[in-house]
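These are the residues of each chain, in order.
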Amino acid sequence: MREEAFLLRKSQDVLGLPVIAISSGAQIGVVRDILFDSEQHLFGLLLESKGWTKRRRFIPADRVTAFGLDAVTVDSEDAMACLEAGHDDVVGICSGKHE
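How each quantity is defined
Residues numbered from 1 in each chain as written. Predicted model: local features only at pLDDT ≥ 70, side-chain atom pairs only at ≥ 80, totals over all residues. Heavy atoms only, no water. Helix = DSSP H or I, 4+ residues; strand = E, 2+ residues; numbered from the N terminus. Buried < 20%, exposed > 50% of the residue type's maximum accessible area, 1.4 Å probe, protein only. Contact = heavy atoms within 4.5 Å. Areas by Shrake-Rupley, 256 points an atom, 1.4 Å probe, with all protein chains shown as cover. Salt bridge = Lys/Arg side-chain N within 4 Å of Asp/Glu carboxyl O. Phe/Tyr/Trp six-rings, centres within 6.5 Å; stacked < 30°, edge-to-face > 60°.

Chemist: Which residues make up the overall build of the protein, and what values go with them?
Modeler: In terms of regular secondary structure, the protein is built from two helices and eight strands. Counted from the first residue to the last, the protein has its helices and strands arranged as α-α-β-β-β-β-β-β-β-β. Burial analysis of the protein (99 residues in total) assigns 38% to the buried set. Sequence-distant contacts, at least 24 apart, represent 47% of the contacts inside the protein between residues at least 6 apart. Of the roughly 5,900 Å² of accessible surface on the protein, 51% is carried by carbon and sulfur atoms.

Next up, the structure:
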């Protein structure tokens, strides 16, 4: 997904939107935070944590197909990744720190 498309939307408009996999039509998460790298480029979208696990799931920016009015779409459910500890330069717009 091109970063320019995201920049046309306000961050508040994206927070809380469901994330839908186009291939299955399934909701795979809800946007909790918007992640940027140290150069202030869109890194991805942090999803709400579900259950007892503390693993941070996110959608890399290049896997987003569209930022719609009612949802964010990705090609498939395998667009999700685990936000590893090695991404110390990633900052959440809501938290102001690495998630």
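Moving on, there is more to tell.
Chemist: Can you explain the pattern of salt bridges? Please cite residues and give values.
Modeler: Taken as a whole and assessed by the stated rule, the structure comprises one salt bridge. With its nearest N and O atoms 3.0 Å apart, the salt bridge here joins Asp-78 to Arg-63. Highlighted residues: Asp-78 in the loop between strand E6 (72-74) and strand E7 (81-82) and Arg-63 in the loop between strand E4 (57-60) and strand E5 (64-67), separated in sequence by 15 residues. Look at Asp-78 and you get exposed, because its relative accessible area is 53%.

Chemist: For the packing of aromatic side chains, give the residues involved together with the corresponding values.
Modeler: One pass over the full model with this rule turns up one aromatic pair. Between the aromatic rings of Phe-43 and Phe-58, the centroid separation amounts to 5.3 Å while the plane-to-plane angle is 15 degrees, which identifies the pairing as stacked. Within this pair, whereas Phe-43 is found in strand E3 (residues 42-47), its partner Phe-58 is found in strand E4, the two being separated by 15 residues in sequence. The two residues Phe-43 and Phe-58 agree in class, both being buried.

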